[in-house]
Amino acid sequence: MILTMTIWKTQILRLQEMINLFKRFFKNNPKASSKEGEDMKKFLIVGLGNIGVDYVGTRHNIGFMIADKLVESVEGTFSSCRYGDMAKIRVKNCELMVLKPSTFMNLSGVAVRYWMNKEKLPLPQLLVLVDDIALSFGTIRIRESGSEGGHNGLKSISEQLGNRNYARLRFGVGNEFSKGSQVDYVLGQFSDEEKKELPEKIGRAVEAIKAFCLSGPAFAMTNFNK
């Protein structure tokens, strides 16, 4: 009996030593402690828009609307953060930080620069969601870089980041307005007919975002720029 207890104590001590060795190994080698974390890729997805009830549902706020649907698609939630509202969601092996800036459109770049620097993200891991009057309603165009096309939100981002080499998903809102009424048009509501089609169009934009993150911009452009 005494011999049996001695053997058990010896085995327990050896097991404890092994546990301590594993703890020291993983402490000194954080990358080895989680292959899943090592493979996870992070993106900053920025929906552009203006805050306030007066702008809810307007054409200029389609970036907010797409961001909302993206987060809703994985049952995520937004919470207040520096320079806006953010939801951190996961899509397979990608972590998406979905941001709706509270800076108003013309200062969107302030929020983008802050979070890019804070998370130490390279430009290829940024995607901006924006309205575009040069595209017909619901048309999607993904580009890895390009001009701002007169969009004040993109202008602010380019100025703050110091270049135009960041991806953007442009969502067409059409240009059915008379000369001199562009501002009223983009700050106005979608037509009744457009509202009927909007859920499907936004859903397609959400799938394009996921494809961009999971399979890369080339795949997303090939399959969604139609």
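It should be noted that the structure appears before, not after, this text.
Residues numbered from 1 in each chain as written. Predicted model: local features only at pLDDT ≥ 70, side-chain atom pairs only at ≥ 80, totals over all residues. Heavy atoms only, no water.

Peer 1: It is not clear to me how the side chain of Arg 168 should be interpreted in this structure. Could you clarify?
Peer 2: Here Arg 168 lies in strand 7 (residues 167–172). Among buried charged residues, Arg 168 stands out as having no salt bridge; its nearest opposite-charge side chain is Glu 148, 6.0 Å away. A polar contact is formed between the side chain of Arg 168 and the backbone oxygen of Ser 147, at a distance of 3.0 Å. (Helix = DSSP H or I, 4+ residues; strand = E, 2+ residues; numbered from the N terminus. Buried < 20%, exposed > 50% of the residue type's maximum accessible area, 1.4 Å probe, protein only. Lys, Arg positive; Asp, Glu negative; His and termini not counted. Salt bridge = Lys/Arg side-chain N within 4 Å of Asp/Glu carboxyl O. Polar contact = N/O pair within 3.5 Å; in protein donor to acceptor, adjacent residues only side chain to side chain.)

Peer 1: Got a minute to help me understand the pairing of strand 3 (residues 84–91) in this structure?
Peer 2: Two faces belong to every sheet, and in a regular strand the side chains alternate between them. Taken together, the 3 bridges between strand 2 (residues 79–81) and strand 3 define a ladder with antiparallel strand orientation. Bridge pairing in strand 3 links Ser 79 to Met 86. Two elements, strand 3 and strand 4 (residues 94–101), share 8 bridges in a ladder whose sense is antiparallel. Note on strand 4: the bridge partner recorded for Met 86 is Leu 99. (Pairing = 2+ DSSP bridges.)

Peer 1: I'm lost on the pattern of salt bridges in this one. Help?
Peer 2: Pairing is possible between side chains of opposite charge, provided their charged atoms come close. Per the stated rule, a full pass over the model turns up 7 salt bridges. Across the pair Lys 69 and Glu 72 runs a salt bridge, and its minimum N-O distance is 3.3 Å. With a gap of 3 residues between them, Lys 69 and Glu 72 both fall in helix 3 (residues 62–73), about one helical turn apart.

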